[in-house]
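# Descriptive analysis of the structure
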Amino acid sequence: MQGLINFASAIGFALATLLPAFCYLAAIALFLFAGWGFWKQAQPDNPFRQSPWIPGLSLVLCGVFATFDKFLTKANVSAGTGLQVTLNALTSYTAPTPSADLLGQTPGDAIVNVVQLFQAFFQPFGAMCCFFAILAWRAVVNGRSNRGQTGCGIQFAFGVMLINVQTIAQWLVNIFQT
């Protein structure tokens, strides 16, 4: 079990290490795209004639990706938890060692204990889900993807739930125990 926990924690560490780089690269790309889009709107061959909001939206999303940890913290507060998301704190997590009482007294205790052991994977994976949900939503708004906007919203909500996996697991266990 400890090997699986260490492997999941290593994958979570890799995701948490790559996420800030992805966020800043996306912010830079969106900033450059917004500048190009505003410049092209002044040209006679404007590619944004039918959708003039795309450069402005790209500039707003540039700010979202530049401050992605604060954006996720606000999403977590909206979800009803007080979890503070910092991109650097995700890489400082160390995998816990499972105790002899991993199963606990009830099946609900076992579920909460297992979720707690794999939390180092769930939180960065949830943050990556949120990151890719925003990128997919931008592709939908730009007309580059055939996905629906609702699917992107569901993916974002799923990512927020994965960031708060401990709270969600305890909530689900309480629902099924009563």
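See above for the structure.
Below is a summary of the structure that appears in this document.

Rules used throughout
- Residues numbered from 1 in each chain as written.
- Predicted model: local features only at pLDDT ≥ 70, side-chain atom pairs only at ≥ 80, totals over all residues.
- Heavy atoms only, no water.
- Core = buried A, V, L, I, M, F, W, Y, C linked by side-chain atoms within 4.5 Å.
- Buried < 20%, exposed > 50% of the residue type's maximum accessible area, 1.4 Å probe, protein only.
- Helix = DSSP H or I, 4+ residues; strand = E, 2+ residues; numbered from the N terminus.
- Contact = heavy atoms within 4.5 Å.
- Phe/Tyr/Trp six-rings, centres within 6.5 Å; stacked < 30°, edge-to-face > 60°.
- Lys NZ or Arg CZ within 6 Å of the ring centre and 35° of its normal.
- Expected span 1.5 Å × (residues − 1).
- Axes fitted to C-alpha atoms, helices over the stretch in contact; angles between N-to-C directions.
- Parallel < 35°, antiparallel > 145°, perpendicular 65-115°, else oblique.
- Left-handed = near helix turned anticlockwise from the far one by under 90°.
- Nonpolar A, V, L, I, M, F, W, Y, C, P; charged D, E, K, R; others polar.

## Re the nonpolar core
Residues Phe65, Phe68 and Phe156 are the most contacted members of the largest nonpolar core, which totals 24 residues. Taken together, the elements giving at least two residues each to this core come down to helix H1 (2–41), helix H2 (54–66), helix H3 (68–78), helix H5 (119–142) and helix H6 (149–163). Setting aside residues no more than four positions away along its own chain, Phe65 makes contact with Cys23, Ala26, Ala27, Leu30, Phe131, Ile134 and Leu135.

## Some words on the environment of Thr150
By the element assignment, Thr150 lies in helix H6. When its relative accessible area of 61% is taken as the criterion, Thr150 is described as exposed. A C-alpha to C-alpha distance of 9.0 Å links Thr150 and Trp137, two positions 13 residues apart in sequence.

## Describing helix H4 (residues 107–117)
Residues of H4 that are buried include every one of Gly108, Ala110, Val112, Val115 and Leu117, and no others. Summarising the contacts, the buried residues of H4 are in contact with H1, H5 and helix H7 (165–177).

## Remarks on the packing of aromatic side chains
One pass over the structure, following the stated rule, counts 12 aromatic pairs. Seen from their ring centres, Trp36 and Phe48 are 5.8 Å apart, and the 80° between their planes marks the pair as edge-to-face. Here Trp36 is found in helix H1, whereas its partner Phe48 is found in the loop between H1 and H2, with 12 residues between them in sequence. Taking the relative accessible area as the measure of exposure, Phe48 reaches 7% and is therefore buried. Each ring, one from Phe71 and one from Phe156, has its centre 5.8 Å from the other, and the planes form 55°; the classification is tilted. In this pair, Phe71 sits in helix H3 while Phe156 sits in helix H6, placing the two residues 85 residues apart along the sequence. In this structure an aromatic cluster arises from ring pairing among Phe22, Phe65, Phe68, Phe71, Phe131, Phe132 and Phe156. Arg138 extends its terminal NZ or CZ atom over the ring of Phe33, reaching a point 4.7 Å from the ring centre.

## Focus: H5
Over its 24 residues, H5 extends 35 Å from the first C-alpha to the last, a length consistent with the 34 Å expected when each residue adds 1.5 Å. Counting buried positions along H5 yields 17 of 24 residues, so the element is predominantly enclosed. One or two residues past the end of H5 sits Gly143, with phi positive at roughly 85°.

## Some words on the packing of H1 against H5
The interhelical angle for the contact between H1 and H5, taken along N-to-C directions, is 25°, at an axis separation of 8 Å. In terms of axis orientation, H1 runs roughly parallel to H5. Like other packed secondary-structure pairs, H1 and H5 cross with a definite hand, here left-handed. Where H1 abuts H5, its residues Ala8, Ser9, Ile11, Gly12, Leu15, Ala16, Leu19, Phe22, Cys23, Ala26, Leu30 and Phe33 lie against Ala120, Phe121, Pro124, Phe125, Ala127, Met128, Phe131 and Arg138. Taken together, the residues that form the contact of H1 with H5 break down as 17 nonpolar, 2 polar and 1 charged.

## Some remarks on the packing of H3 against H6
Running from N to C, H3 and H6 cross one another at 85°; their axes reach a closest spacing of 10 Å. Taken as axis vectors, H3 and H6 run roughly perpendicular relative to one another. Every residue of H6 that contacts H3 at Phe71, Leu72, Ala75 and Asn76 is listed here: Phe156, Val160 and Ile163. Of the residues assigned to the contact of H3 with H6, the class counts are 6 nonpolar, 1 polar and no charged.

## Topic: the environment of Leu172
Topologically, Leu172 is positioned in helix H7. Judged by relative accessible area, Leu172 falls into the partly exposed class, the value being 36%. Counting along the chain gives 61 residues from Leu172 to Ile111, while the straight-line C-alpha distance between them is 9.8 Å.

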